[in-house]
Amino acid sequence: MTDQQVLIVGGGHVGLSFALLLAHHGIASTLLEKNSYPEIGPENDRSRSHYLDSRNTALSRRTVQIYQEIGLWSELQSHACRIDAVQISEQGSFGKAQLNKKDERVESFGQVMENAWLGRKLLLAAQNEPLITIIDNAEVVTIGQQSDSVTLTFSYYNGSEDEQQLQGSVLVACDGRDSNIRQLLDIGISTYDYQQTAIVGVVETSMPHEHTAIERFSPAGPLAVLPLTDPDGDGNDDYQKGHRRSVVWVCPTGEEQQYLEDDVHFLATLQQAFGERAGKFTAAGRRGAYPLTRVLAKSQVDGRCVIMGNAAHTLHPVAGQGFNLCMRDAHVLAQMMSTQVMKGADIGDISLLKRYAKSRQTDQKRVIRFCDAVVHGFTHPNPAIKLARNVALVAFDKLPNIKPLVATYAMGLKS
Ligand SMILES: Cc1cc2nc3c(=O)[nH]c(=O)nc-3n(C[C@H](O)[C@H](O)[C@H](O)COP(=O)(O)OP(=O)(O)OC[C@H]3O[C@@H](n4cnc5c(N)ncnc54)[C@H](O)[C@@H]3O)c2cc1C
């Protein structure tokens, strides 16, 4: 236990997870969230998403291990679906590759989790944790840095608009892609507009998913189809078990409207791009659209302030790596702060924060490069590049030493 405390701004999945990681090490935090959190009533599984209406995140094995480490996985796993196999293929081409958990001797490659459930469980755990103070409806106005502390002035919308102050040893900004803290600290960004939009939704297929995640590259754009758990307790038992899948489909920006509004057109185009490997696409839930821009903070540390989560690096979702990378960052920083506490030293010490940022560079750069290679490599129309990527897929499938290495990275087990 220490009387030093961390100020966290932004209570999305990364901010809440980081607060829980700190609490696991006995470090107190105050978390400021701009929006108002919903009331979470007594435990009731009926609150889960409707059968075909949920947003989902693929959690790597490493992320699952981190939640296991802080004792949260047992709470989360009822709404998570194991990934036992990964298939990669391209429409109209010969190259394909498959990873199986048995061949790679792993329990699974990861889990697909309903976002609403993850958010609800993280919030409940944080609300029940005495070392975490949550202030929602709060927005930071100024940041002051002193030699031994950082001070935040924030507006607090509680009917009347008050300004209040908080002091801590260190500030960690988890306030998302358009981070206000990053702007207040005058930290620059580099951006790249992919000119693509991700269409996200849930579908039902005539064949069961059998815990297989499928990455399919088609002229209409890259497509990830992931297995989902069956809903239970929502009063709707009118579905086939094991046939629910999450879809992330990336299309050129400007083309998304046709997929959002018209279910029949969406299902028919999906079927054409995907083929029959899942049988027929029989139903689709509401879709959401996310314009895709890579945003990288030019620095992740400024004095006693750290930029984390999407505020530090917002990536293309095609390989399902963004949140998993954020969780590895959060885990490392919490661990380093814990070691500092054990030494009786300052958790906001600038050299510690710089060491943290340096230690995360290799993993971050590798993931950023990997996501971009997948996006550009698999969407390039040039026939020579198309041939090269199909040869690469075949080589990947056949060469004995490559698959375990790629699987290890994809599972987030090597950084
Ligand atoms: C379509 C899509 C699919 C994805 N799929 C995957 C996947 O399968 N696997 C994976 O690993 N990643 C995936 N990602 C990436 C993942 O969603 C993000 O990396 C993750 O959500 C980042 O969380 P965050 O908490 O950093 O940011 P956010 O989720 O943006 O949360 C930021 C929080 O800060 C709050 N906030 C904002 N401004 C302020 C302020 N001024 N003051 C206080 N609070 C503020 C917001 O209200 C919010 O609560 C996907 C992304 C997309 C777009």
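So, a few notes on the structure that sits alongside this text. Small disclaimer: the values here were computed from a predicted structure and weren't measured.

**Considering the packing of aromatic side chains**
No. 1: Summed over the entire model, instances satisfying the criterion amount to 4 aromatic pairs.
No. 2: With a centroid separation of 6.0 Å and 45° between ring planes, the pair formed by Trp249 and Phe266 is classed as tilted. One end of the pair, Trp249, is in strand β16 (residues 244-252); the other, Phe266, is in helix α8 (residues 263-274), and 17 residues separate them in sequence. The exposure classification of Trp249 matches that of Phe266, with both residues buried.
No. 3: Seen from their ring centres, Phe274 and Phe281 are 5.4 Å apart, and the 80° between their planes marks the pair as edge-to-face. In terms of burial, Phe274 and Phe281 fall into one category: buried.
No. 4: A network of ring pairs unites the aromatic residues Trp249, Tyr259 and Phe266 as a single cluster.
No. 5: In this structure, Arg277 is placed above the aromatic ring of Phe274, and the distance from its NZ or CZ to the ring centre is 5.8 Å.

**Section: the site of the ligand**
No. 1: Surveying the vicinity of the ligand reveals 28 residues, the closest of which are Glu33, Ala58, Asn310, Phe323 and Asn324.
No. 2: Isolated, the ligand exposes 1000 Å² of accessible area, and the fraction of that covered by the protein chains is 83%.
No. 3: When contributions to the shell around the ligand are tallied by element, the ones reaching two or more residues are α1 (13-24), β3 (56-60), β9 (138-145) and α9 (322-342).
No. 4: At 3 residues, α9 tops the list of elements feeding residues into the shell around the ligand.

**Here's the deal with the environment of Leu270**
No. 1: Topologically, Leu270 is positioned in helix α8.
No. 2: The residues contacting Leu270, other than those within four sequence positions of it, are Val203, Leu223, Val247, Trp249 and Phe281.

**A short note on the sheet that holds strand β8 (residues 132-135)**
No. 1: Pairing in this open sheet of 6 strands is mixed, and the strands run β8-β2-β1-β12-β20-β19 from one edge to the other. Of all the strands in the sheet, the pair left with one neighbour each is β8 and β19 (301-302).
No. 2: Across 2 bridges, the pairing between β19 and strand β20 (residues 305-307) is antiparallel. Directly across from Val301, in β20, lies its bridge partner Val306.
No. 3: Its contacts with the sheet put α1 on β1 (5-9), β2 (28-32), β8 and β12 (170-173), and the angle it makes with β1 is roughly 170°.

**Looking at the sheet that holds β3**
No. 1: The strand order across the open sheet formed by 3 strands is β3-β7-β4, and the pairing between neighbours is antiparallel. A single partner strand is all that each edge strand has here, and the edge strands are β3 and β4 (80-83). With strand direction ignored, the average angle separating the axes of adjacent strands in the sheet is 25°.

**Remarks on the nonpolar core**
No. 1: Ranked by internal contacts, the top residues of the largest apolar core, which has 54 residues, are Val6, Phe18, Tyr67, Val172, Met308, Leu333 and Met337.
No. 2: Split by domain, the residues of this core number at least three in each of domain 1 (5-62 + 117-191 + 293-374) and domain 2 (64-112 + 194-291 + 382-410).
No. 3: Beyond its immediate chain neighbours, meaning those up to four positions away, Val172 contacts Val6, Leu7, Ile8, Val9, Phe18, Val306, Met308 and Leu333.
No. 4: Counting residues in each nonpolar core, the second largest holds 23 residues, with Ile83, Tyr194, Ala213 and Val374 among its members.

Calculation notes
- Residues numbered from 1 in each chain as written.
- Predicted model: local features only at pLDDT ≥ 70, side-chain atom pairs only at ≥ 80, totals over all residues.
- Heavy atoms only, no water.
- Phe/Tyr/Trp six-rings, centres within 6.5 Å; stacked < 30°, edge-to-face > 60°.
- Helix = DSSP H or I, 4+ residues; strand = E, 2+ residues; numbered from the N terminus.
- Buried < 20%, exposed > 50% of the residue type's maximum accessible area, 1.4 Å probe, protein only.
- Lys NZ or Arg CZ within 6 Å of the ring centre and 35° of its normal.
- Near = heavy atom within 4 Å.
- Areas by Shrake-Rupley, 256 points an atom, 1.4 Å probe, with all protein chains shown as cover.
- Contact = heavy atoms within 4.5 Å.
- Pairing = 2+ DSSP bridges.
- Axes fitted to C-alpha atoms, helices over the stretch in contact; angles between N-to-C directions.
- Core = buried A, V, L, I, M, F, W, Y, C linked by side-chain atoms within 4.5 Å.
- Domains from an automatic or database assignment.

None of this, on its own, says anything about what the molecule does.
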